[in-house]
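Descriptive structure summary
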Amino acid sequence: MEKFFKLRERGSTVHREVFGGITTFLAMAYILALNPGILKDCGMSQGAVFTATAVSAGIATLVMAFCANLPVALAPGLGLNAFFTYTVVLQMGCSWQFALTAVFLEGLLFVLLSPFGIREAIVKSIPVSMRKAIAVGIGLFVTLIGLSNAGIVRQASGTLIEFVNLSTSNPGPLVAIIGLIIIIVLNILKVPGAILLGVILTTLISIPFGITSVPKNFSPVSVPDAPYFFQFEFSHVLTLKFFVVFFTFLFTDMFDTIGTLLGVAEQANLKDKDGNIVNVKGALLSDAVGTMVGACLGTSTVTSFVESTSGVATGARTGLASVVTGVLFFLALFLSPLFALIPSVATAPALIFVGYLMMKSIAKIEFSDPTEGIPAFIAIIAMPFAYSISKGISWGIIAYVICKVAGGKAKQVSIVTWILALIFIADIIFETVKTGVLV
């Protein structure tokens, strides 16, 4: 185990990896409920999708563990599953089999591209300042997710967003804040596994508040439903509609994954001497394999989860943490009632605290140079405000090229970065025309 996962080399231990893997699973276990709930709206069986979600997440995360040795977990991504259901199926009138076909071919293309290192070249082309900005932006993004999941912030009539008033009639935000205080205190006291302990204690605290209730005759064991198998529809793959759907899945998945990997690598310092992510090729292959497996079983695009940062914050540094997370996804197939007891107000404090930890990278951004600082700033604010990692990367890269050209430093922009900026601009124009803004 030591030789394969390189625990000592990365300054980790078995118990840190186990704690980290459990923490990551608890932080992202919500996907086991949300993904089936979203995909059932397009006519899919909720039980079958639950099984597909757990199995595809388990397989993809184990591939990440053994091919990349990184503490990154994967599962069907939020946002991509909403696009799958509400845009492709319900708005565009396509079948869910049509959408699964696009997801499968997206994953297949990534697998075929892996030997050529194209996605790897894209990751390496992202400037150092942008990599650090992505980590900070992801920190703010997961903080916003945590605040939202806890019910601490909400939409408001007079302002865009507001903090809720704490009350016993709506105890969720209060319990989440108590949980955050527990994690902060445990962290300051240097208690091992502070985040995981915080999640467990917050779950227990939520019981007397009525947020979590243990049903009578509760049984933690359940029998999973059979997933779908190879429900594809290849008859429309050469249509314009298919290519629009295919490339939307393709680019969103690619840059969500790249952003997450960069954020985790920055937080855990899992970089080589040139500042690149270690074993990035294996990490990207894991994402592609997970997407193909998920499509074959009947779920939307599998991608790297930003909640992996919570496991890293607990001390995870190797693929051993991913092994733990992957195994827990398989156990969840049979223990779904038990995991369902953990409320979102218990995992939300972990995400909020991770936001603090990821903010540390902001001190390493050279804001005194506007050609570096302005693009970093744009990438940082775009992620939480656009609620999208990929949007933050695209606007940051475009701003980087503009600022370097305006500052007479165009030679510092690599060819790949130029290509990315042009692709992002083309994508913005396409989306603008498609929505009718300029028509």
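The sections below set out a description of the structure shown in this document.

Criteria and cut-off values
Residues numbered from 1 in each chain as written. Predicted model: local features only at pLDDT ≥ 70, side-chain atom pairs only at ≥ 80, totals over all residues. Heavy atoms only, no water. Helix = DSSP H or I, 4+ residues; strand = E, 2+ residues; numbered from the N terminus. Buried < 20%, exposed > 50% of the residue type's maximum accessible area, 1.4 Å probe, protein only. Contact = heavy atoms within 4.5 Å. Areas by Shrake-Rupley, 256 points an atom, 1.4 Å probe, with all protein chains shown as cover. Salt bridge = Lys/Arg side-chain N within 4 Å of Asp/Glu carboxyl O. Polar contact = N/O pair within 3.5 Å; in protein donor to acceptor, adjacent residues only side chain to side chain. Core = buried A, V, L, I, M, F, W, Y, C linked by side-chain atoms within 4.5 Å. Expected span 1.5 Å × (residues − 1). Bend = angle between axes of the 7 residues up to and from the residue. Patch = residues over 30% accessible without salt bridge, like charges linked within 9 Å, V, L, I, M, F, W, Y side chains within 5 Å. Phe/Tyr/Trp six-rings, centres within 6.5 Å; stacked < 30°, edge-to-face > 60°. Axes fitted to C-alpha atoms, helices over the stretch in contact; angles between N-to-C directions. Parallel < 35°, antiparallel > 145°, perpendicular 65-115°, else oblique. Left-handed = near helix turned anticlockwise from the far one by under 90°.

What follows is about the overall build of the chain. On a plain count of helices and strands, the chain comes out with 18 helices and four strands. Overall size of the chain, expressed as C-alpha extent along the three principal axes, is 65 × 60 × 55 Å. Residues counted as buried form 56% of the 439 residues belonging to the chain. Long-range pairs, those at least 24 residues apart, make up 80% of the contacts in the chain with a sequence separation of at least 6. A total of about 18600 Å² of accessible surface is found on the chain, and carbon and sulfur atoms cover 69% of it.

So, about the pattern of salt bridges. Counting across every chain of the model gives nine salt bridges. Of the charged contacts in the structure, one is a salt bridge between Lys281 and Glu120, with a shortest N-O distance of 3.8 Å. Taken together, the positions of Lys281 in helix H12 (residues 280–297) and Glu120 in helix H7 (residues 118–125) put the pair 161 residues apart, joining distant regions of the chain. Here Glu162 ties to Arg154 by a salt bridge, and the two come within 2.9 Å at their closest N and O atoms. A relative accessible area of 44% places Arg154 in the partly exposed class.

A word on the side chain of Asn69. Mapped onto the secondary structure, Asn69 falls in the loop between helix H4 (46–68) and strand S1 (74–76). Side-chain polar atoms of Asn69 contact the backbone oxygen of Phe5, separated by 3.1 Å. In contact with Asn69, other than residues within four places in its own chain, are Phe4, Phe5, Lys6, Arg10, Met64, Asn279, Arg317, Thr318, Gly319 and Leu320.

Before going further, it helps to spend a moment on the nonpolar core. Counting 125 residues, the largest nonpolar core has Phe25, Met44, Leu70 and Phe84 as its most contacted members. The biggest single contributor to this core is helix H11 (residues 240–268), with 13 residues. Excluding residues that lie within four positions of it along the chain, Phe25 makes contacts with Leu32, Thr325, Leu328, Phe329, Ala332 and Phe339. Grouped together as the second largest cluster of nonpolar side chains are five residues, Leu7, Ala65, Leu320 and Val323 included.

The end-to-end C-alpha separation of helix H14 (residues 319–339) is 23 Å, well short of the 30 Å expected for 21 residues at 1.5 Å each. Largest kink in H14: about 85°, centred on Leu333, with the proline Pro337 one to four residues after it. Of the residues flanking the start of H14, the one acting as N-cap is Thr318, its side-chain oxygen 3.1 Å from the backbone nitrogen of Leu320.

Attention now goes to a nonpolar patch on the surface. A cluster of nonpolar side chains, namely Leu197, Ile200, Leu201, Leu204, Ile207 and Val214, defines an oily patch on the protein surface of about 480 Å² accessible area. Mapped onto the secondary structure, Val214 falls in the loop between helix H10 (194–206) and H11. Look at Val214 and you get partly exposed, because its relative accessible area is 48%.

Before going further, it helps to examine the packing of aromatic side chains. The final tally for this structure, using the stated rule, is 17 aromatic pairs. Taking 6.4 Å as the distance between ring centres and 50° as the angle between the ring planes, the aromatic pair formed by Phe84 and Phe249 counts as tilted. One end of the pair, Phe84, is in helix H5 (residues 80–89); the other, Phe249, is in helix H11, and 165 residues separate them in sequence. Considered together, Phe84 and Phe249 belong to a single accessibility category, that of buried residues. What links up through ring pairs into an aromatic cluster is the set Phe98, Phe242, Phe243, Phe246 and Phe247.

We now examine unusual backbone geometry. Despite not being glycine, Asn217 has its phi angle at roughly 55°, a positive value. Mapping Asn217 onto the fold places it in the loop between H10 and H11. Notably, Asn279 is not glycine yet its phi reads approximately 55°, a positive angle. Within the secondary structure, Asn279 is located in the loop between H11 and H12. Judged by its relative accessible area of 39%, Asn279 is partly exposed.

Two elements in contact, helix H8 (residues 128–150) and helix H16 (residues 370–386), have axes separated by 7 Å at closest approach and are oriented at 25°. Between H8 and H16, the angle is such that the two are roughly parallel. Judged by the twist between their axes, the crossing of H8 over H16 is right-handed. Residue-level contacts link Ser129, Met130, Ala133, Ile134, Val136, Gly137, Ile138, Leu140, Phe141 and Leu144 of H8 to Glu372, Pro375, Ala376, Ala379, Ile380, Met383 and Pro384 of H16.

This part covers helix H6 (residues 96–113). Over its 18 residues, H6 runs 26 Å from end to end, which matches the ideal 26 Å to within 8%, given 1.5 Å per residue. Regarding H6, the residues found buried are Trp96, Phe98, Ala99, Leu100, Thr101, Ala102, Val103, Phe104, Leu105, Glu106, Gly107 and Phe110. Buried residues in H6 make contact with H5, H7, H11 and H12.

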